[in-house]
Amino acid sequence: LGFHSDAGVHPADTVIGTLAIYTYKSENKTRLPGGESRMPSREYADIVQSQIVNDIRELYCEDWSRRQIWDRGYRESRTPSCPAMLLELLSHQNFEDMKYGLDPGYRFTVSRAIYKGMLKYLSNRYGIPYVVQPLPVTDMGVKFSGDRTATISWKAAEDPLEPTADATGFILYTRIGNGGFDTGRRIKAIKGKNGSYTFDI
């Protein structure tokens, strides 16, 4: 995956949006060095672009522009020996795009969408069901009882965009003083309940 922010300015007060690029023919060949067709690169580009645009429209900008899927000979999509794509996420020279592009939440959403798109492409390619990594926990806190007991608690974050992203459990890592963290304690998630663990300190 090549990740770019495409240059360009739109005269109207609107976003330029997301473009995907793949390469079908390299040095007059339509096959990768290993003999596989280069056509899966188009499927890869389509799935990743679709995931990005859908997630942005759902959470940030309902009319985010989905641009074309180009067949071009750019190096990032032409030279790899596996399916590859070049992503032009937005235009760094266009004000409306950069209002979103500078938002940390938007950046997280886009990064997660790229990961989800890659995962779904690999799932399609190999015929294996996928499970998306859950979102980070929220509302984490510690309550102390007496001199030597602490209860750490948190809430599992629900992902409204991805039904497979429910946490089935958590791993709690602790350390004493400036020592290293331990190998972690596995804590099962209980649907509808906050996570918690009480330990001696």
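Residues numbered from 1 in each chain as written. Predicted model: local features only at pLDDT ≥ 70, side-chain atom pairs only at ≥ 80, totals over all residues. Heavy atoms only, no water.

Visitor: Can you walk me through a nonpolar patch on the surface in this structure?
Guide: Taken together, the side chains of L122, Y126 and I128 present a nonpolar region at the surface, about 320 Å² in accessible area. Relative to the elements of secondary structure, Y126 occurs in helix α4 (residues 104-126). Residue Y126 is classed as exposed on the basis of its relative accessible area, which comes to 52%. (Patch = residues over 30% accessible without salt bridge, like charges linked within 9 Å, V, L, I, M, F, W, Y side chains within 5 Å. Areas by Shrake-Rupley, 256 points an atom, 1.4 Å probe, with all protein chains shown as cover. Salt bridge = Lys/Arg side-chain N within 4 Å of Asp/Glu carboxyl O. Helix = DSSP H or I, 4+ residues; strand = E, 2+ residues; numbered from the N terminus. Buried < 20%, exposed > 50% of the residue type's maximum accessible area, 1.4 Å probe, protein only.)

Visitor: How do you make sense of α4 when you look at a structure like this?
Guide: Since the α-helix packs 3.6 residues into each turn, any two residues three or four apart lie on the same face. Over its 23 residues, α4 extends 33 Å from the first C-alpha to the last, a length consistent with the 33 Å expected when each residue adds 1.5 Å. Residues of α4 that are buried: Y106, T109, V110, R112, A113, I114, K116, G117, K120, Y121 and S123. Residues of α4 that are buried in the fold lie against β1 (2-4), α1 (40-59), β4 (86-88) and α3 (95-101). Positioned one or two residues after α4, G127 has a phi angle of 65°, which is positive. (Expected span 1.5 Å × (residues − 1). Contact = heavy atoms within 4.5 Å.)

Visitor: Would you take a moment to explain the packing of aromatic side chains for this structure?
Guide: Both the distance between ring centres and the angle between the ring planes are used here to describe each pair of aromatic rings. A full pass over the atoms with the stated rule returns 7 aromatic pairs. An angle of 45° between the planes, with centres 5.1 Å apart, marks the rings of Y44 and Y121 as tilted. A residue pair is termed long-range when its members are at least 10 positions apart, and Y44 in helix α1 and Y121 in helix α4 qualify at 77 residues. Using a relative accessible area of 6% as the deciding quantity, one classes Y44 as buried. Among the residues examined, Y121 registers a relative accessible area of 5% and is labelled buried. Aromatic side chains Y60 and Y106 sit 5.7 Å apart centroid to centroid with 80° between the ring planes, which places their arrangement in the edge-to-face category. Here the residue Y60 occupies a position in the loop between α1 and β3 (66-71), and Y106 occupies one in helix α4, the gap between them amounting to 46 residues. Here Y106 falls in the buried class, since its relative accessible area comes to 1%. Of the aromatic side chains, those joined through ring pairs into one cluster are Y60, W64, Y100 and Y106. Lying over the aromatic face of W70, R72 brings its terminal NZ or CZ to 4.4 Å of the ring centre. (Phe/Tyr/Trp six-rings, centres within 6.5 Å; stacked < 30°, edge-to-face > 60°. Lys NZ or Arg CZ within 6 Å of the ring centre and 35° of its normal.)

Visitor: Could you clarify how one ought to interpret the sheet that holds strand β9 (residues 195-200) in this entry?
Guide: Each strand in a sheet pairs with its neighbour through backbone hydrogen bonds, running either in the same direction (parallel) or in the opposite one (antiparallel). Strand order in the open sheet formed by 3 strands is β5-β6-β9, and the pairing between neighbours is antiparallel. Every other strand in the sheet has two partners, leaving β5 (138-145) and β9 as the edge strands with one partner each. Across the sheet, the mean angle separating the axes of adjacent strands is 15° when strand polarity is ignored. Pairing of strand β6 (residues 149-155) with β9, which is carried by 6 bridges, proceeds in the antiparallel orientation. By the bridge assignment for β9, T149 is matched with D200. (Pairing = 2+ DSSP bridges. Axes fitted to C-alpha atoms, helices over the stretch in contact; angles between N-to-C directions.)

Visitor: Hey, could you run me through the sheet that holds β4 in this one?
Guide: Read from one edge to the other, the open sheet built from 4 strands follows the order β1-β4-β2-β3, with strand pairing classed as mixed. Each edge of the sheet is formed by a strand with only one pairing partner; in this case those strands are β1 and β3. Taken over all neighbouring pairs, the strand axes of this sheet differ in orientation by 15° on average, direction set aside. Alignment of strand β2 (residues 18-22) against β3, held across 4 bridges, turns out to be parallel. The residue bridging Y22 from the neighbouring strand is D71, located in β3. Helix-sheet contacts for α1 involve β2, β3 and β4, and the interaxial angle to β3 is about 170°.

Visitor: What am I meant to see in the side chain of R67 here?
Guide: Along the chain, R67 turns up in strand β3. At 2.9 Å, the side chain of R67 and the side chain of D6 are in polar contact. Once you skip the residues sitting within four places of it in the chain, R67 turns out to touch D6, I16, G17, T18, L19 and Q49. (Polar contact = N/O pair within 3.5 Å; in protein donor to acceptor, adjacent residues only side chain to side chain.)

Visitor: Looking at this model, I keep getting lost on the nonpolar core. Mind explaining?
Guide: Looking at soluble globular proteins, one finds that nonpolar side chains tend to be buried together. Counting 23 residues, the largest nonpolar core has I52, I56, W64, M85, L89 and Y106 as the members making the most contacts within it. Among the elements of the structure, β2, α1 and α4 are those that each provide at least two residues to this core. No other element matches the 7 residues that α1 contributes to this core. Not counting residues within four places of it along the chain, the set of residues in contact with Y106 comprises I56, Y60, W64, L89, L90, Y100 and G101. Grouped together as the second largest cluster of nonpolar side chains are 7 residues, W154, F170, L172 and I187 included. (Core = buried A, V, L, I, M, F, W, Y, C linked by side-chain atoms within 4.5 Å.)

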